[in-house]
Amino acid sequence: MRLAPVMGAVVALVALGAVASAAPAHGRARQALEQAARGDAWLVAGNCDEAVKSYERAIELDPRAGLVKVHLAHCLARTGAQASAHALLIEVSKSPPPVGPAALVELGDQAMAAGDLATAVAVYGELVDHAPGDVEAKVALLDALKALSDKGDANARARAVLLADQLKIDPRADQATQKHVEELAGYLRYGDAGHDVLEGKDRLAAGDARGAIVSLERAVKAHPELEEAEYLLGLAYATPSIGRKDDARRALRKAPHIKEANYALGVEAYEGDDLDEAGKRFAQAIALDDRYQAAHYQLGLVDRERGDVKGAEREWQRAIHIDPKSELGRWAATKLSMTTGNVNALAEGQVIDPSSEIGIGIKISEQVQERFGRMNDPALEERLNKILHRLAKVSDRPERELRYQVVLVDVPMINALTLPGGTVLVFRGLVDMMNKTMGGSDDAWAAVLGHECAHAALRHGMGMIQVASSLALDRPFAGGAGDLAAFFNTISRAHEFEADQFGALYAYRAGFNPSAALVLHKKMLETMGEIPRGMTHPTQAERIARVRDYLLDLRAKVHGFDLAVKSLGSGDYDAAIGRFEVFLGVFPDSTAARSNLGVALHRKALTALVPSTRFRRSTDIDPNSRARKIELHAGAPQVAGLKKEAEIDQRLLRQAIDEYRATLEVDPSYAKAQINLGAALDDLKDRRGARAALERAVRMAPKEKEGWNDLGAVAAETGDTARALGALDKAVALDGNYPEAWFNLAMTYEQASRNKDAAAAWTKYLGLDGKSGWSSIAREHIARMKK
């Protein structure tokens, strides 16, 4: 920390350069500057003999050059002329800054180098007296005191410890200085153990927990009273790579006077659900430092969980008071707001999960009801709740997550308000308007409540919380008319458009007429008039236009189901897949669409195959949402010139299986998807899985011929001829003109060496299907049997 020779030379160059810029560049002054600069260059190069010559010439030319004399003294000492150097430094040490302090620094450094520690302490002490804010001078004095204390000087040791404690909290000391001071303080107090503590701290910071433990265990063995070492040792034991939690707790408990140790124990206890121990530890940390913000914040969390809401609020208020702009201060403000329901500030990153949404919504609802009162119409409230529950069931956040409910409030506004958590406040003014202009129909109310349900499902209530935090009032939210107006006036245009369109979608999914939304907005325009442009709310005309466009788009997507079925029937599987996926975006729980999407993927996976499969399966699809059936062959027609059988696209096949399973998750009794799943597993060569799926299918729907047919094919493929014949007999009993079952019966009879029955079955099959690629296979079998 002492001024190095090179740094002294640089200082001289800067100082002389400044003089050069101010003085006339001629005569003796110019020559003096040139000689001084030449001396500095020799000094930096390490040639003090030449530097001395240049400095002496410079002083001859300008005897007032005090810094040049300091540098000359430095070089004289290095060349062995210590006495001359000392005399020269004493001469200039009484000069005003910067010459005098520079001379004292050099005197102290030379005394340290000569081992004259007492003189060094005296000189550095004088320097500190002249410049109490000079951190570098204080560090130089600390170094000298530490060296003198190493010689057994107890007074020097006491002075060094006191000075080190001052420097450790000096805001002017940089990180390197702080580290140097901590190291010296450790040495002064604990000798080698102090070094071990610093080494352990450094290793822990570098992620070397094992190395830290070695150093810290050595330190506490030598000095069991060294609480800092115990605290650091506890942290090292607790690192995931070590995982010695019991040892960590024991070590931390041996540091009762270190606030961080108590805090760490509190966090560990809190995470372990020991709230009493956590509260005690956080309180101890606060007792050691009442401005320990993190401990106040954590104690607030503990108090809240223990049910002491007032205590929690008190601790969070203290944390905010300590530093409201810090991250913890903002988080404490967030917790305080969420607890009180007065949402005045939220910290970035604060998670508002469903439980928090519900809690905040309840608080706001209570405040509004307390201010205005509820409408006394339980029958209407019950009816509206039934409509809301139907909408919520098909929304993007079903009732498993939120608590949707309608509350009728005696507010004369023609409006409704969705609170965080799903509570919908319907105001008396809106009820009156709905009865007067819309007839109070279920479709009309579905338009209103669909809009509000969309606000909840799309988390627009988070925006409401931000609104509450931006009311710019010196009072909390209290549910008054002004607060409600502030909410409405700050809801974004984008949110309103989203709620309009998703609300119509939810109404459609729930079985209501979505066009009622269009009528509703027209009636509101007639009743309330237009909203001025430029406000945060969109105008009624804009909303009407957007809803109309959306309803037309929605109608086109729904019609896409019929187009998808046609594409599937014509073999345009890519078009079918795309249209079914779009339809599922409208009706995600449509079992018909999801099963058909699986069929399309399934059929595309088999597209390249020639009809050489030994047994035929049926793939059932629904041509519309009323489940009218279209049956497709399991294989594609013979492809002319194709010599090698192509492989099934297993990626698509697995996607089809996923869709079938997703369909069954929506409706476990949907037998068509179960049959299709069995066929797809069979195509994937999962015979065991296919048979299990099909056995379940025939139990679910014993009158579905396709299930019996596919079960018979899988049983025959696995060599279970008896089960195959029984299943196939069941299929033809259900439908005597079912070609796939007759094809498979003929194959199975041949497998059982019942050629006469096989020939009859082949003949029956050809009478039903004599033109497809499969018929050529049937004729080949008949020809072989006649040989």
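Notes on the structure in this doc start here. The shown structure was predicted, so the numbers you read here are calculated from the model rather than taken from an experiment.

1. Considering the overall build of the protein chain
(1) Moving on: Tallying secondary structure elements over the protein chain gives 38 helices and 5 strands in all.
(2) Moving on: Here the protein chain holds 787 residues, and 51% of them are scored as buried.
(3) Moving on: Residue pairs at least 24 apart in sequence account for 57% of intrachain contacts in the protein chain once pairs closer than 6 positions are excluded.
(4) Moving on: Within the structure as shown, the protein chain displays about 36900 Å² of accessible surface, and the carbon and sulfur contribution to it stands at 52%.

2. Here we look at the packing of helix α29 (residues 573-586) against helix α30 (residues 591-605)
Relative orientation and spacing of two packed helices are given, respectively, by the angle between their axes and the distance between those axes.
(1) Moving on: Remark: α29 packs on α30, axes separated minimally by 9 Å, with the N-to-C direction vectors making an angle of 155 degrees. Of the possible angle classes, the one that applies to α29 and α30 is roughly antiparallel. Crossing hand, α29 versus α30: left-handed. Here Y573, D574, A576, I577, F580, E581, F583 and L584 of α29 lie close against α30, whose contacting residues are A593, R594, N596, L597, A600, L601, R603 and K604.
(2) Moving on: Taken together, the residues of the contact of α29 with α30 sort by class into 10 nonpolar, 1 polar and 5 charged.

3. Overview of the environment of A73
(1) Moving on: Among the secondary structure elements, A73 is positioned in helix α4 (residues 66-78).
(2) Moving on: When residues no more than four places from it in sequence are discounted, the contact partners of A73 are A85, L88, L89 and Q110.

4. Quick word on the pairing of strand β3 (residues 423-427)
(1) Moving on: In terms of residue burial, β3 counts as a mostly covered element, since 5 of its 5 residues are buried.
(2) Moving on: Pairing analysis gives 5 bridges linking strand β1 (residues 405-409) to β3, with the strands arranged parallel. When the bridges of β3 are listed, V407 appears paired with L425.
(3) Moving on: Bridge count for strand β2 (residues 416-418) against β3 is 3 bridges, and the pairing is antiparallel. Across the sheet, T418 pairs through a bridge with V424, a residue of β3.
(4) Moving on: The hairpin formed by β2 and β3 contains 4 residues between the paired strands, and G421 there has a positive phi angle of roughly 100 degrees.

5. Considerations on helix α12 (residues 209-222)
(1) Moving on: End to end, α12 covers 20 Å across 14 residues, agreeing with the expected 20 Å (1.5 Å per residue, within 8%).
(2) Moving on: Residues A209, G211, A212, I213, S215, L216, A219 and V220 constitute the buried set of α12.
(3) Moving on: Lining the buried residues of α12 we find α11 (192-205) and α13 (227-238).

6. Section: the packing of aromatic side chains
(1) Moving on: One pass over the structure, following the stated rule, counts 5 aromatic pairs.
(2) Moving on: Through pairs of rings, three or more aromatic residues link up here, namely Y263, F282 and Y292.
(3) Moving on: Lying over the aromatic face of Y292, K259 brings its terminal NZ or CZ to 4.7 Å of the ring centre.

7. Some points on the side chain of R509
(1) Moving on: Tracing the sequence through the fold places R509 in helix α26 (residues 493-509).
(2) Moving on: Of note is the side chain of R509, whose polar atom sits 2.8 Å from the backbone oxygen of V394.
(3) Moving on: Not counting residues up to four positions away in its chain, the partners in contact with R509 are V394, G585, V586, F587 and P588.

8. Regarding the pattern of salt bridges
(1) Moving on: In total, this model carries 36 salt bridges according to the counting rule given.
(2) Moving on: Measuring nitrogen to oxygen at the nearest pair gives 2.8 Å for the salt bridge that ties D500 to R543. Highlighted residues: D500 in helix α26 and R543 in helix α28 (residues 540-570), separated in sequence by 43 residues.
(3) Moving on: The salt bridge partner of D720 is R691, with a shortest N-O separation of 2.9 Å. One end of the pair, D720, is in the loop between α34 (705-717) and α35 (721-734); the other, R691, is in helix α33 (residues 687-700), with 29 residues separating them in the sequence.
(4) Moving on: Judged by relative accessible area, which is 27%, D720 ranks as partly exposed.
(5) Moving on: Overall, the relative accessible area of 22% leaves R691 in the partly exposed class.

Cut-off values and rules
- All residue numbers here refer to positions counted from 1 along the written sequence of the relevant chain.
- The predicted nature of this model means local features are confined to residues of pLDDT at least 70 and side-chain atom pairs, given and counted, to a pLDDT of 80 or more, with totals for whole chains, interfaces and linings taken over all residues.
- As a rule here, side-chain values come from all non-hydrogen atoms in the structure, and water together with hydrogens is ignored.
- Labels follow the DSSP assignment, with helices taken as runs of H or I lasting at least four residues and strands as runs of E lasting at least two, numbered in each case from the N terminus.
- Residue burial is assigned from relative accessible area. The probe radius is 1.4 Å, only protein chains are included, and a residue is buried under 20% of its type maximum, exposed over 50%, and partly exposed in between.
- We call two residues contacting when some pair of their heavy atoms lies within 4.5 Å.
- Note on areas: Shrake-Rupley, 1.4 Å probe, and residue coverage restricted to the protein chains presented here.
- Axis definition: a line fitted to C-alpha atoms, limited for helices to the stretch in contact. Angles are taken between N-to-C directions and run from 0 to 180 degrees.
- An angle below 35 degrees is treated as roughly parallel, one above 145 as roughly antiparallel, one from 65 to 115 as roughly perpendicular, and anything else as oblique.
- With the far helix as reference, a near helix turned anticlockwise by less than a right angle produces a left-handed crossing, and one turned clockwise produces a right-handed crossing.
- Classification convention: Asp, Glu, Lys, Arg as charged; Ala, Val, Leu, Ile, Met, Phe, Trp, Tyr, Cys, Pro as nonpolar; all other residues, Gly among them, as polar.
- Strands qualify as paired when DSSP identifies two bridges or more between them.
- By definition here, a helix of n residues has an expected span of 1.5 Å times n minus one.
- Pairing of aromatic rings covers Phe, Tyr and the six-membered ring of Trp, with a centre-to-centre limit of 6.5 Å; geometry is then stacked below 30 degrees between planes, edge-to-face above 60, and tilted otherwise.
- Two limits define a charge over a ring: the Lys NZ or Arg CZ must be within 6 Å of the ring centre, and within 35 degrees of the ring normal.
- In protein, a polar contact requires one atom able to donate a hydrogen and another able to accept it; more generally it is a pair of N or O atoms within 3.5 Å, and residues adjacent in sequence count only if both atoms are side-chain atoms.
- We define a salt bridge as a side-chain nitrogen of Lys or Arg found within 4 Å of a carboxyl oxygen belonging to Asp or Glu.

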